[in-house]
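# Structural description and commentary
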Amino acid sequence: MKKVLVLGATSAIAQATVRLLAARGAALYLVGRNPERLQAVAQDARTRGAARVETEALDLDDLARHEALVTRAEEALGGLDGALLAHGILGDQAQAQGSYAETEKVLHTNFLSAVSLLTPLANRFESQKAGTLVVISSVAGDRGRQSNYVYGASKGALNVFLQGLRNRLARSGVAVVTVKPGFVDTPMTAAMKKNPLFASPEAVARGIVRAVETRQDEVYLPDFWRPIMFLIRGIPERVFKRLKL
Amino acid sequence: MKTERTSWGRYPRVKAQPVHPVSWTSEPLPVPPAGGTLLPHGQGRSYGDSCLNEGGTLLTTERLDHFLGFDPATGVLRCESGVTLDTIVRLVAPQGWFPPVTPGTKFVTVGGAIANDVHGKNHVREGTFGRHLRRFELVRSDCSRRECSPTENRDWFEATIGGLGLTGLITWAELQLRRVSNPYILQETIPFENLEGFLSILEESERDFEFNVAWVDSLARGRHLGRGLFYRGDYAPPQFDAVPRARAIPSGLGVPFDFPGFALNRVSVAAFNALQYRMRPQGLVHYEPFFYPLDAVHGWNRIYGRQGFLQFQCGVPMSHAGVDALREILDRSAHSGMPSFLTVLKVYGDVPSPGWMSFPKRGFSLALDFANRGERTYRLVDELDAVTRRAGGRVYPAKDSRMSPESFRAYYPEHERFARYVDPAFSSSFWRRVNGAG
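As annotated in an unreviewed UniProt entry, chain B carries the name Oxidoreductase and comes from Melittangium boletus DSM 14713.

Rendered as structure tokens:
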């Protein structure tokens, strides 16, 4: 990935990935909500060797502006060969259970806005017969659990969308990489008690770049989540529904 | 969020300290809970309690780690305070630049390097870290922000360098790096039989070499008291195209668990010292093992076991009294039955630091590590503190967990002037201890 659109660029995982891409001399178009933070990430990427860095402050919940955003990024960098979708919210499960509005907010940001961005990106990459779409999903999308099934559903829906997209784009040579991190020590999980399952954003970023370079379809980060989720998916529903997970 | 944060020496231990991560320079500081205080905390590489704040909140700066710009033509680097020297070196060394002053670990943050006004093996030539600072921003709990430099807000600049994180949060800093034609080091290692031997090598080394440091065999006594190895070196000349013999430190080496308490004893330290005495690197070496020998083993502090260890580092005048103090400290340590695992002897020059509370002064520096064996160890360190005080020396707060309020006042005559610049919402375990309130 040499000309990359990064969505949610001020998130911890995106920042760590941007640093690795910058050190490899990539050109970057960074999108996030907060202009000051965006500037800090951009300056950092420039200092670390990015060929070129452009920024745009935008709330990605505003779906109507996605199409034009992709066009601007493409024009600014002289084409695109990669996109990293790293924006998302955890939401509040308890609140979502009490109010559909909270549920919709999570689905809107994590699923609909991703779909809305992936549609123009996929079409461009398909017609140029090249490119890599990297989307940060979550292990939470593998199975619904009472403690966070709204967030899980938004990521589960995203996973299925990405499977279909991958299937469609395979013959055009466009890669679709679903990234499924477990717990990551970021501001999103600041309120959670840390345990050894937590990974650093830097470790996740290295896994993302490796997955892109080795053209993987679906990657668990860190990779110990693959067997864990295999086991969790394998528990019969009749047993699972009694578990407190 | 509460997590256990310890200092590098893991003594004293502070249970579950609330942390407030700072991720962006524009963020306002949190308001501490009633009666609580704040303290910036970088990588926690200080050994004692100057990076701890029992009962208060730590402002952690791991995510305050953006580069703000680097000019490869002038060597001026601007970065946020949580950036480590490791990250800086990896960016600038390939471009022909290096931090002019670097301590014995690259895992310190820029904020921590300023707050402790760290020094390296070239203090005689380059002075302390603070001397190469162009400016920084200081944020106070009253929401005020100051750009501080030798000409702008000069009093705040001077109070904050060596100010142990107490004057406010440093959000970013601008450093003047130095041009190096080659980041590799041409090194010489010279054995010496005792303290006199060290002194006889010193003068010529100080004159002819930029980097000078000695390792001392802490178990040697009598006429061998103070025997060791003198390491000296310079940046290699340009186009020196030989391959360095000692390579970059392999990553991934680490101490995965706490060693049991009995692992470090007279026998194992003697074995280590014998090995050390036989290893005499010469010639072209990579800068990593030269500057950062201990960084090769991640978490090396765990060899001291769960009880941690105490480091004692003092500076004493370059005089007969100073040499006598070195001899007495080495002698007491050798006879204590609690040998120092690593003993390092250096010299400081008279290049002044802008920092009022900066530690190094023209003279000798001696650092010793003691596994924590409770009261016996504390008593020994207290004795060494007394010897230092009598000799007119001082103890380094970054390494200390024992100095008394009286010692602190004697060591740092500027403390009253400094205290007026301490942020009312900031404090540390160290600060309360040396002010008799902890």
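What follows picks up the thread again.
Quick look at the interface of chain A and chain B now. Listed as interface residues are 16 residues of chain A and, on the opposing side, 14 residues of chain B. When the buried surface of chain A facing chain B is broken down by residue, A:Arg37, A:Thr47 and A:Arg48 rank first, second and third, together holding 35% of it. The interface formed by chain A and chain B includes two salt bridges. Note that B:Arg63 is salt-bridged to A:Glu202, the shortest N-O span being 2.8 Å. Inspection of the chain A/chain B interface yields seven residue pairs in polar contact (both at pLDDT 80 or more). Of all the elements in the fold, those that place two or more residues in the side of chain A that touches chain B are α1 (12-23), α2 (35-47) and α7 (201-213) of chain A. Top contributing element to the side of chain A that touches chain B by residue count: α2(A), with seven residues. Across the side of chain A that touches chain B, the residue classes break down as four nonpolar, four polar and eight charged.

Before going further, it helps to examine the sheet that holds strand β4 (residues 82-85) of chain A. Residue and element names in this part refer to chain A. Pairing within the open sheet is parallel, and its seven strands lie in the order β3-β2-β1-β4-β5-β6-β7. With one partner strand each, in any of the chains shown, β3 (52-57) and β7 (218-221) form the two edges of the open sheet. Taken pair by pair, the neighbouring strands of this sheet meet at an average axis angle of 15°, ignoring direction. Pairing of β4 with strand β5 (residues 132-136) involves four bridges; the strand directions are parallel. By the bridge assignment for β5, Leu85 is matched with Val135. In this fold α2 packs onto β2 (27-32) and β3, with an angle of close to 170° to the strand it touches most, β3. Sheet strands touched by helix α5 (residues 100-128): β1 (3-7), β4 and β5. Its angle to β4, the strand with the most contacts, is close to 170°.

Right, let's get into the side chain of A:Asp142. All names here are of chain A. Along the chain, Asp142 falls in the loop between β5 and α6 (149-169). Here Asp142 falls in the buried class, since its relative accessible area comes to 14%. Polar side-chain contacts of Asp142 include one of 2.7 Å to the side chain of Lys180. A polar side-chain atom of Asp142 sits 2.4 Å from a polar atom in the side chain of Tyr220.

Our focus in this paragraph is the side chain of B:His123. Residues and elements named next belong to chain B. Mapped onto the fold, His123 is located in helix α3 (residues 123-126). Judged by relative accessible area, which is 1%, His123 ranks as buried. Polar contacts involving the side chain of His123 include one to the main-chain amide nitrogen of Gly349, which spans 2.9 Å. Not counting residues up to four positions away in its chain, the partners in contact with His123 are Thr128, Val347, Tyr348, Gly349, Val351 and Pro360.

What follows covers the pairing of strand β8 (residues 133-139) of chain B. Residue and element names in this part refer to chain B. With respect to burial, β8 is a largely interior element, six of its seven residues being buried. Both β8 and strand β10 (residues 169-176) contribute to a ladder of five bridges, which runs antiparallel. Counted as the bridge partner of Val139 is Leu169 from β10.

Bringing helix α6 (residues 266-278) of chain B into the picture now. Residue and element names in this part refer to chain B. Given a rise of 1.5 Å per residue, 13 residues ought to cover 18 Å, and the 18 Å separating the end C-alpha atoms of α6 matches this to within 8%. Within α6, burial applies to Val269, Asn273, Gln276 and Tyr277. End-on, the buried residues of α6 take up no more than an arc of 95°, which puts them together on one face. Exposed side chains of α6 directed beyond 90 degrees from the buried face belong to Val267 and Arg278. Looking at the buried side of α6, the elements it contacts are β12 (185-192), β13 (211-216) and β14 (228-235).

Thresholds, definitions, all that
Residues numbered from 1 in each chain as written. Chains lettered and ligands numbered in written order. Predicted model: local features only at pLDDT ≥ 70, side-chain atom pairs only at ≥ 80, totals over all residues. Heavy atoms only, no water. Contact = heavy atoms within 4.5 Å. Buried area = accessible area lost by both parts, 1.4 Å probe. Salt bridge = Lys/Arg side-chain N within 4 Å of Asp/Glu carboxyl O. Polar contact = N/O pair within 3.5 Å; in protein donor to acceptor, adjacent residues only side chain to side chain. Helix = DSSP H or I, 4+ residues; strand = E, 2+ residues; numbered from the N terminus. Nonpolar A, V, L, I, M, F, W, Y, C, P; charged D, E, K, R; others polar. Pairing = 2+ DSSP bridges. Axes fitted to C-alpha atoms, helices over the stretch in contact; angles between N-to-C directions. Buried < 20%, exposed > 50% of the residue type's maximum accessible area, 1.4 Å probe, protein only. Expected span 1.5 Å × (residues − 1). Arc of directions from axis to C-beta.

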